[in-house]
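Below, each chain spelled out in residue letters.
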Amino acid sequence: MRRKLAAGNWKMNGLTASLGELRSLVTAHPDPMVDILVCPPATLISQAAQCCAEHPIGIGGQDCHAERAGAHTGDVSAEMLKDSGACAVILGHSERRGDHGETSDTVRAKARAAQAAGLMAVICMGESLAQRDAANTLDIIAAQMALSIPDSSTAENLVIAYEPIWAIGTGLTPDAAQIGEVHDFIRTRLERRFDPGVGRGVRILYGGSVKPDNADAIFRVPNVDGALVGGASLKAGDFSPIIAALESSA
Ligand code: PEP
């Protein structure tokens with residue numbers, strides 16, 4: 001059985017005062033029936049990890065460099081994230097692929113570095129609206145899976161987040177059949193590529209405008225093992241009902 005995962009991506013949002021939201025989450029979910037991961041900006045990882053020291057909420061980064069150390073001004077390595085208290089890192093988010101020209105090859109190198117440092121790599125992939133309209137969604141996912149996921153992946157150190165680009169931050173979501181088609185496809189590809197324990201054990205999250213009012217329906221789709229949540233993860237009052245919906249589906 002795969003343990004469900006609710007992951008929050010704060011993106012470039014959050015100052016020290018925002019840790020109050022994390023504290024509220026800790027209070028609201030003292031003994032969660034699902035895994036919870038919060039990925040604040042790098043500046044807050046250390047403090048966030050301290051907030052959750054006595055609680056199963058995990059803290060993650062939003063990106064890392066592919067190398068362990070060196071002359072890369074402004075970058076953060078996987079080892080540094082781990083050292084700050086992170087247990088995971090989001091990689092290949094469409095905003096990084098778009099804003100920073102990250103290719104799937106780059107994402108694979110970063111994921112390998114993350115896994116080597118003992119972090120769980122949450123690798124994002126998804127199609128643009130033009131690609132969906134051209135009926136290329138599954139081809140795009142197949143290519144992103146083949147190139148972004150390292151061979152070093154296990155059920156513990158890899159999570160895949162299917163995030164249609166057109167659904168991120170727009171309030172639009174694919175319907176249940178569309179989500180199910182892609183998640184089934186990802187599962188089949190994983191099973192074909194990896195040993196059964198890995199192929200069946202890797203969690204596949206859906207991401208893109210998950211809110212308290214649509215979470216329940218999304219979590220009922222087979223092969224949806226949780227969600228990667230952006231905007232609605234910033235406030236405990238929004239993220240908490242999403243976590244509760246996931247617990248109900250578990
Ligand atoms: C995201 O950034 O990963 C995301 C899914 O954002 P939102 O939930 O705001 O659409």
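Just above, that's the structure.
Let us look at the structure shown here. This structure is a prediction, so every number in the text was calculated from the model and none was measured.

Okay, the site of the ligand next. Looking at the ligand, there are 14 residues lining it, with Lys11, Glu163, Gly169, Ser209 and Gly230 nearest. At 3.5 Å, a side-chain N or O of asparagine 9 approaches an oxygen atom of the ligand. A distance of 2.8 Å separates an oxygen atom of the ligand from a polar atom in the side chain of histidine 93. Against a free-state accessible area of 290 Å², the protein chains account for coverage of 98% of the ligand. Counting atoms within 2 Å of the grid points, the majority share of the ligand lands in the second largest pocket. Its residues placed into classes, the shell around the ligand shows four nonpolar, eight polar and two charged.

Our next topic: unusual backbone geometry. Despite not being glycine, lysine 11 shows a phi value in the positive range, around 55 degrees. By the element assignment, lysine 11 lies in the loop between strand E1 (5-9) and helix H1 (19-28). Within the chain, asparagine 223 stands out as a residue other than glycine whose phi angle is a positive 70 degrees. Along the polypeptide, asparagine 223 turns up in the loop between helix H10 (215-219) and strand E8 (226-229).

As a further point, take the pairing of strand E7 (residues 203-207). The element E7 is extensively covered by neighbouring structure, given that five of its five residues are classed as buried. Pairing of strand E6 (residues 158-162) with E7, which is carried by four bridges, proceeds in the parallel orientation. Looking at the pairing, alanine 161 lines up with leucine 205 of E7. Pairing analysis gives two bridges linking E7 to E8, with the strands arranged parallel. Residue pairing across strands places glycine 207 opposite leucine 228, the latter belonging to E8.

Turning to the state of the cysteines, a few remarks are in order. If you walk through the whole model with that rule in mind, you get zero disulfides. With no disulfide of its own, cysteine 87 lies closest to cysteine 39 among cysteine sulfurs, the gap being 7.9 Å. A relative accessible area of 34% places cysteine 87 in the partly exposed class. With no disulfide partner, cysteine 124 has as its closest neighbouring cysteine sulfur the one in cysteine 39, 9.2 Å distant.

Here E8 shows two buried faces, one formed by Gly226 and Leu228 and the other by Ala227 and Val229. For E1 and E8, the ladder comprises four bridges, and the chain directions are parallel. Following the sheet pairing, leucine 5 is matched in E8 by glycine 226.

With respect to the helices and strands, serine 94 occurs in helix H4 (residues 94-99). Look at serine 94 and you get buried, because its relative accessible area is 18%. Those residues within four positions of serine 94 in sequence are excluded, and the remaining contacts are Ile165 and Ile168.

Let's shift gears to H1. Along H1, the residues that are buried comprise Leu19, Leu22, Leu25 and Val26. All buried residues of H1 lie within an arc of 105 degrees about the axis, which places them on one face of the element. Here the buried face of H1 lies against strand E2 (35-39), helix H2 (45-51), strand E3 (58-61) and helix H11 (236-249).

Procedures and definitions
- Residues numbered from 1 in each chain as written.
- Predicted model: local features only at pLDDT ≥ 70, side-chain atom pairs only at ≥ 80, totals over all residues.
- Heavy atoms only, no water.
- Near = heavy atom within 4 Å.
- Polar contact = N/O pair within 3.5 Å; in protein donor to acceptor, adjacent residues only side chain to side chain.
- Areas by Shrake-Rupley, 256 points an atom, 1.4 Å probe, with all protein chains shown as cover.
- 1 Å grid on protein atoms, 1.4 Å probe; cavity = no way out; pocket = protein on both sides within 12 Å on 5 of 7 lines; lining within 4 Å.
- Sits in = over half its atoms within 2 Å of the grid points.
- Nonpolar A, V, L, I, M, F, W, Y, C, P; charged D, E, K, R; others polar.
- Helix = DSSP H or I, 4+ residues; strand = E, 2+ residues; numbered from the N terminus.
- Buried < 20%, exposed > 50% of the residue type's maximum accessible area, 1.4 Å probe, protein only.
- Pairing = 2+ DSSP bridges.
- Disulfide = S-S within 2.5 Å.
- Contact = heavy atoms within 4.5 Å.
- Arc of directions from axis to C-beta.

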